[in-house]
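For reference, the chains in residue letters:
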Amino acid sequence: MISDIALFLFQSIVFPGVFFIVTLAFGSNWMYRKIYARLQRRVGPDSAGKYGFMQGFADFLKTASKEEIVPRSANQVIFRVLPIIAPVPIIVGIFFIPMMGLRGMISSPGDIYAIVFILTIVTAIEIVLGWSSGSKYSLIGASRSGMQLVSFGIPLIFSMLYPIIRAGSFNLMDIVLAQDGTNFGFLPRWNVLGLGVIAFVLFLISALAELEKPPFDTPEAETEIAGGWTLEYSGRSYAYILLMEDLKMVFVISIGVVLFLGGPLGPTFGISGWGLALLYFVYFSLKYFMVLIILTIISSGLARLKIRQIVFGSWSFLTPISIVFIILVMVLGGV
Amino acid sequence: MLIIELIKNLFRRPETVKYPYETEGLNFPERLRALHIIDQESCIGCRKCARACPAYVIEMVPLTEDELEARTEKIKKKKVKPVIDLTACIFCGVCEDVCPTDCLNLTNHIVLPSGDKEELEVGD
Amino acid sequence: MSKRDYTEFNLGPQHPALKEPETFRVVVEGERIVKAEAILGHTHRGIEKVAEQRDYNKALYLAERICGICSFAHNANFARAVEFVADVEVPERAQYLRVLVAELERLHSHMLWLGVLAHEIGFDTFYFLVWNDRELVMDALETLTGNRVNYGMNDIGGVRADLTPDIKGLLMRKLDELGPRLEKIKEIALKNKTVISRTKGVGVISNELARKTCVTGPTARSSGINWDLRRDQPYFAYGDLDFDVKVSTDGDVYSKITLRIEELFESMRIIQQVLEHLPEGRIKTDVRGKLDGSAVSRIEAPRGENFHYVDFRNSKEPYRMKVRAPTYANVVSSVEVLVGHYISDIPVIVAANDPCFSCTDRTLVIDRDTERYQILTAKELRKLSIETTKEEIM
Ligand code: SF4
Ligand code: SF4
């Protein structure tokens, strides 16, 4: 009994809990920036720690130690409090992801519901953050953020429907297990290998929009609205917003890995116990970083789109394609 | 195609030179106009450089007793010496052009930052 | 529509999109711009006045510092104006060397512009790729003249540094390397879907508007005005060289990209010709003593027509010096076309003219409602400043 509680506490706080997740978030931030820089023939972060690996921590600590300025026109309570609790929903969301084993730290029959809910909540938080800072740039940024949510919500959810239909369950463990085994003896039965590749592409595009990375960094567009909804935040609040963005990256990419790339699955070589957990984690990270690299390359090769073009493109191409695709899948009976 | 270029870039060496930790790959041509050197032994104190300087940063300072003693035969009429304030110099190189004795030269040594203003006075 | 549907905000004087301090006051309805106004003059440095206290040899270096990017254009233009007054013949070799530096400067300026535009539309990868290639030109300039930015190449009556065989070889090598890279840049810039979607049909300056607002340089040529001082009033050695003037009629930002990239290739051609046909001889004629008289000199800077006027009244110091930088002519047109576009287009349209606000240092008020722009006189300015101060106090 006591050992159970101790194990749970250890899991939720140290490994694979909050500390680990935050490390992963900063690691992803470093990786994104490093690859982005290398694609542009720059060096990228290289001073903090070996190869600049500690850059995320350094940014967080440095920003957090700066003076916090609250504009007079801001909503005093929301402006101060919301940034601090903003990363929480995402951390909870990451608890659902099966990284170390086939089951996440939290698991329920309706995992996907929770995940979609959290994805929406995060954007809602961004909108409120922008709105409460009482600056015109932030307001424009927040409204753009809202428009992106409206535009990419449907393709995102419909692309997630494909694995659900295939597994016949909303539980992430079932979805992972449905991708176990191989076709023709060598091809893993991941969702991405097959018809699911369309869903995966839809998911990647929507994920970029959700992460607000180029070409969908319109809500933060530095050269247009000077940082959008993050503009007025400084000091500790901004540090938490940075953390939230990094966590969001971990969360969204992990969802993609679990839904389309078979999550932690891979050849097990008959290992079991802790060794297996470690092996699962290695597979998971490999897939995770692969998706991260793909996203980085996509986002570095494109210019920022206008919000009108985003809304138009989403409603006239992505949404119809995703709807047609899902109807097709349903008719074919979940191939 | 951009995408091919990008993937090639991923495996290329970055172009960044981490100056000042490394200087390999940087371009320091002969003609670069940077730190001045003044050979006070051969300067005759003719004031031409001070008159020509577009930024008015060359000051002709009277020689001290010791320096007056130490004058060689070549410069025995010299009473003042040029001192250049690099903080306001625009590195145009006019002073080098007008100097009749070739004692004032601009080198290609570009590392000038200093915490001490005195260090940026050339000629003393 | 009630008044509350409009939001008014300032872009600048400090804004990430604008590299220099200037303000664009825009009124938006949603994201649509209904009114725009440019407020310039944040970087007034009084260079013209300062020049009156320096003799022409020193004012030359002051003229170089009017602009950081087209410094050679200002410097050479001032030198040319003074040469007119002094009535000296500049040696042919010096003329060719001036063309060489001017065209190298055009190369680096246009590449800088491409990078800046890419940054404004959020395409940072292209920005870094272009600026990386631009370093080749900067290195060439540094080796030839002795500095990356303020070349200090001109003297009244000639140039200060000669082209040695060593440097000629190096320039050749750099140009050979630059050629294929430019091809690559051209392909990326003109074929990328997002670049097209952000720039095509955006900020169209029609031929009439271009004529009305007197735009110059690539901005004018992209709106169908076939005017290039290099060809139409040849100066330096341009008369002997063979090159084309590119003209486009679309007037949008995309056509400006195309046009400037084509000008890059033309500049390469000119440089090649200069390196091949460089005449022998002296590089400088001496100019000494007091001057009397006035002269105007106009040359085609990378951004457009550059105008210098000097007036000497039996003195070494100019009695009056007057500069008109190309941005001053071009900024009006970009403010005109802002209306009807969206917030995302502001940086693109403003950057499309390659504005250089340090060159442009007067006050200009544009009133969108009455379609009237005026340059304030000293009296009006004073009145305006008193009124504003009063308002602020109350
Ligand atoms: S290089 Fe400096 S000291 Fe020499 S003339 Fe120019 S401004 Fe004066
Ligand atoms: S440095 Fe040259 S120009 Fe200046 S005072 Fe000495 S000799 Fe004359």
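Parameters and conventions
- Residues numbered from 1 in each chain as written.
- Chains lettered and ligands numbered in written order.
- Predicted model: local features only at pLDDT ≥ 70, side-chain atom pairs only at ≥ 80, totals over all residues.
- Heavy atoms only, no water.
- Helix = DSSP H or I, 4+ residues; strand = E, 2+ residues; numbered from the N terminus.
- Contact = heavy atoms within 4.5 Å.
- Areas by Shrake-Rupley, 256 points an atom, 1.4 Å probe, with all protein chains shown as cover.
- Near = heavy atom within 4 Å.
- Nonpolar A, V, L, I, M, F, W, Y, C, P; charged D, E, K, R; others polar.
- Buried area = accessible area lost by both parts, 1.4 Å probe.
- Salt bridge = Lys/Arg side-chain N within 4 Å of Asp/Glu carboxyl O.
- Polar contact = N/O pair within 3.5 Å; in protein donor to acceptor, adjacent residues only side chain to side chain.
- Domains from an automatic or database assignment.
- Patch = residues over 30% accessible without salt bridge, like charges linked within 9 Å, V, L, I, M, F, W, Y side chains within 5 Å.
- Buried < 20%, exposed > 50% of the residue type's maximum accessible area, 1.4 Å probe, protein only.
- Pairing = 2+ DSSP bridges.
- Phe/Tyr/Trp six-rings, centres within 6.5 Å; stacked < 30°, edge-to-face > 60°.
- Arc of directions from axis to C-beta.
- Axes fitted to C-alpha atoms, helices over the stretch in contact; angles between N-to-C directions.
- Parallel < 35°, antiparallel > 145°, perpendicular 65-115°, else oblique.

### Let's talk about the overall build of chain C
Then, number 1: Helices and strands together make up the secondary structure of chain C, namely 14 helices and 10 strands.
Then, number 2: Sequence separation of 24 or more characterises 71% of the internal contacts of chain C that already satisfy a separation of 6 or more.
Then, number 3: A total accessible area of about 15400 Å² is found for chain C, and carbon and sulfur atoms account for 50% of it.

### Comments concerning the site of ligand 1
Then, number 1: Inspection of the region around ligand 1 gives 13 residues, with Cys53(B), Cys89(B), Cys92(B), Gly93(B) and Cys95(B) positioned closest.
Then, number 2: Class assignment of the residues belonging to the shell around ligand 1 gives a composition of 11 nonpolar, two polar and no charged.

### Here we look at the interface of chain B and chain A
Then, number 1: Listed per partner, the contact involves 12 residues of chain B and 10 residues of chain A.
Then, number 2: For chain B, the biggest contributors to the area lost against chain A are Leu6(B), Leu10(B) and Pro14(B); these three give 42% of the whole.
Then, number 3: The tally of links from chain B across to chain A stands at two salt bridges.
Then, number 4: Between Arg41(A) and Glu15(B) there is a salt bridge, with the nearest N and O atoms lying 3.4 Å from each other.
Then, number 5: Counting the contacts that link chain B with chain A gives three residue pairs in polar contact (both at pLDDT 80 or more).

### Concerning the domain arrangement of chain C
Residues and elements named next belong to chain C.
Then, number 1: Structurally, chain C comprises domain 1 (6-43 + 330-393) and domain 2 (47-327).
Then, number 2: Computed over C-alpha atoms, the centres of domain 1 and domain 2 are 27 Å apart.
Then, number 3: On the domain 2 side, the residues contacting the 26 residues of domain 1 number 32 residues.
Then, number 4: Between domain 1 and domain 2 lies a buried interface of about 2400 Å² when both sides are counted; carbon and sulfur atoms form 54% of it.
Then, number 5: At the boundary of domain 1 and domain 2, one finds zero salt bridges.
Then, number 6: Inspection of the domain 1/domain 2 interface yields four residue pairs in polar contact (both at pLDDT 80 or more).
Then, number 7: The set of elements that each furnish at least two residues to the side of domain 1 that touches domain 2 consists of helix H12 (326-338) and helix H13 (345-352).
Then, number 8: Of the residues contributing to the side of domain 1 that touches domain 2, the split by class is 14 nonpolar, seven polar and five charged.

### Observations regarding a nonpolar patch on the surface
Residues and elements named next belong to chain A.
Then, number 1: A surface patch of nonpolar side chains, about 530 Å² in accessible area, is lined by Val77, Val81, Ile84, Ile85, Val88, Val92 and Ile106.
Then, number 2: For the nonpolar patch, the secondary structure elements donating two or more residues are helix H4 (76-85) and helix H5 (87-95).
Then, number 3: Sort the elements by how many residues they give to the nonpolar patch and H4 lands first, with four residues.
Then, number 4: Secondary-structure assignment places Ile84 in helix H4.
Then, number 5: Taking the relative accessible area as the measure of exposure, Ile84 reaches 33% and is therefore partly exposed.

### Thoughts on the environment of Glu276(C)
Then, number 1: Examined against the element boundaries, Glu276(C) turns out to sit in helix H11 (residues 253-277).
Then, number 2: Note: C-alpha distance between Glu276(C) and Lys168(C) (108 residues apart in sequence) is 9.6 Å.

### Describing the pattern of salt bridges
All names here are of chain C.
Then, number 1: Applying the stated criterion across every chain yields a total of 34 salt bridges over all chains.
Then, number 2: Note that Glu280 is salt-bridged to Arg93, the shortest N-O span being 3.9 Å. Residue Glu280 is found in the loop between H11 and strand E6 (291-301), and its partner Arg93 is found in helix H4 (residues 92-120); the two are separated by 187 residues along the sequence.
Then, number 3: Glu280 gets classed as exposed once you look at its relative accessible area, which sits at 68%.
Then, number 4: Here Arg93 falls in the buried class, since its relative accessible area comes to 7%.
Then, number 5: Beyond isolated ion pairs, a larger network of salt bridges with shared partners links Glu103, Arg106, Arg221, Asp228, Arg230, Glu263 and Glu300.

### Describing the sheet that holds strand E2 (residues 58-62) of chain B
Residues and elements named next belong to chain B.
Then, number 1: Pairing is antiparallel in the open sheet, where three strands are placed in the order E2-E3-E5. Because the sheet does not close on itself, it has two edges, and the strands there are E2 and strand E5 (121-122).
Then, number 2: Where E2 and strand E3 (residues 80-85) come together, five bridges link them in antiparallel fashion. When the bridges of E3 are listed, Met60 appears paired with Pro82.

### Side note on the packing of aromatic side chains
Residue and element names in this part refer to chain A.
Then, number 1: This structure, assessed with the given rule, holds 22 aromatic pairs over all chains.
Then, number 2: On the basis of an interplanar angle of 65 degrees and a centroid distance of 5.2 Å, the ring pair of Phe152 and Phe216 is categorised as edge-to-face. Pair noted here: Phe152 is in helix H7 (residues 136-167) and Phe216 is in the loop between helix H9 (196-211) and helix H10 (222-225), with a separation of 64 residues, a long-range link. For the residue pair Phe152 and Phe216, the accessibility class agrees, reading buried in each case.

### Focus: the interface of chain C and chain A
Then, number 1: Taken together, the contacts link 31 residues of chain C with 24 residues of chain A.
Then, number 2: Contact between chain C and chain A buries roughly 2400 Å² in total, counting both sides, with carbon and sulfur atoms accounting for 55%.
Then, number 3: Viewed at the interface, chain A and chain C are joined by one salt bridge.
Then, number 4: Here Asp345(C) makes a salt bridge to Lys306(A), at a shortest N to O gap of 3.1 Å.

### Quick look at unusual backbone geometry
Residue and element names in this part refer to chain C.
Then, number 1: Of note in this structure, Asp87 is not a glycine but carries a positive phi near 55 degrees.
Then, number 2: For Asn314, which is not glycine, the phi torsion reads 50 degrees and is therefore positive.
Then, number 3: By the secondary structure assignment, Asn314 is in strand E7 (residues 304-315).

### Overview of helix H3 (residues 55-64) of chain A
Residues and elements named next belong to chain A.
Then, number 1: Residues of H3 that are buried include every one of Gln55, Gly56, Phe60 and Thr63, and no others. Summarising the axial view, the buried residues of H3 lie within an arc of 135 degrees, below the 170-degree limit, and thus occupy one face. Summarising the geometry of H3, the exposed residues directed more than 90 degrees from the buried face are Leu61 and Lys62.
Then, number 2: Buried positions along H3 lie against helix H2 (18-39) and helix H11 (235-260).

### A closer look at the packing of H2(A) against H3(A)
Residue and element names in this part refer to chain A.
Then, number 1: Packing of H2 against H3 brings their axes to within 7 Å, and their N-to-C directions diverge by 110 degrees. One way to sum up the angle between H2 and H3 is to call them roughly perpendicular. Where H2 approaches H3, its residues Thr23, Phe26 and Arg33 are matched on the opposing element by Gln55, Gly56, Phe57, Asp59 and Phe60.
Then, number 2: Per-class residue counts for the contact of H2 with H3 are three nonpolar, three polar and two charged.

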